[in-house]
Amino acid sequence: TEAEKQANWMLRLRPQHRESMRAAALLREDFDDKEGAVQMLHEMFRHTPASDNFERAWILLQLARLTTDAAQSAKLRAQAKSLAPAIQD
């Protein structure tokens, strides 16, 4: 699809660009590639500065939403809440 082509183009052009990674993760999820979405979110987390608590918390919440392990999901949500207490999950 055109959306896939554009997301791949963005990633090739700027592989560490977080907005490109976000778009790719969301597209992968839309296409039922949850494993690919999780991989992209992990990569996005790795490239997000430790000082960007809100962004890191958002990524953790997305990972929590995609995991099928209830204990892991709860752990990720708790980590997100500790980074950004005001964030709603």
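Here, the structure is the one placed above.
The following refers to the structure shown. Fair warning: this is a prediction, and the values are worked out from it, not measured in the lab. (Residues numbered from 1 in each chain as written. Predicted model: local features only at pLDDT ≥ 70, side-chain atom pairs only at ≥ 80, totals over all residues. Heavy atoms only, no water.)

**Some remarks on the packing of helix α3 (residues 34–46) against helix α4 (residues 53–66)**
Running from N to C, α3 and α4 point in directions that differ by 160°, and their axes come no closer than 10 Å. Classed by the angle they form, the pair α3 and α4 counts as roughly antiparallel. You can see that α3 and α4 cross each other, and the crossing is left-handed. Where α3 approaches α4, its residues K34, A37, V38, L41, H42, M44 and F45 are matched on the opposing element by E55, R56, W58, I59, L60, Q62, L63 and L66. Among the residues making up the contact of α3 with α4, the classes are represented as 10 nonpolar, two polar and three charged. (Axes fitted to C-alpha atoms, helices over the stretch in contact; angles between N-to-C directions. Helix = DSSP H or I, 4+ residues; strand = E, 2+ residues; numbered from the N terminus. Parallel < 35°, antiparallel > 145°, perpendicular 65-115°, else oblique. Left-handed = near helix turned anticlockwise from the far one by under 90°. Contact = heavy atoms within 4.5 Å. Nonpolar A, V, L, I, M, F, W, Y, C, P; charged D, E, K, R; others polar.)

**Digging into the environment of Q39**
Relative to the helices and strands, Q39 is located in helix α3. Note: C-alpha distance between Q39 and M21 (18 residues apart in sequence) is 9.8 Å.

**A closer look at unusual backbone geometry**
Most peptide bonds take the trans form, and the phi angle of most residues other than glycine is negative. The backbone phi angle of D32 is positive, close to 60°, even though this residue is not glycine. Within the element layout of this structure, D32 appears in the loop between α2 (18–30) and α3. Residue D32 is classed as exposed on the basis of its relative accessible area of 66%. (Buried < 20%, exposed > 50% of the residue type's maximum accessible area, 1.4 Å probe, protein only.)

**Structural notes on the side chain of R56**
Take R56: it is sitting in helix α4. Notably, R56 is buried but unbridged: the nearest opposite-charge side chain belongs to D52, and the N-O separation is 8.0 Å. Sequence-distant contacts of R56, that is, excluding residues within four places in its chain, are made with F45, T48, P49, A50 and L83. (Lys, Arg positive; Asp, Glu negative; His and termini not counted. Salt bridge = Lys/Arg side-chain N within 4 Å of Asp/Glu carboxyl O.)

**Brief notes about α3**
In this model α3 runs 18 Å from its N-terminal to its C-terminal C-alpha over 13 residues, within 8% of the 18 Å that 1.5 Å per residue would give. For α3, every residue scored as buried is listed here: G36, A37, M40, L41 and M44. Take α3 and look down its axis: the buried residues cluster within an arc of 135°, on one side only. For α3, the exposed residues set more than 90 degrees away from the buried face come down to E35 and R46. (Expected span 1.5 Å × (residues − 1). Arc of directions from axis to C-beta.)

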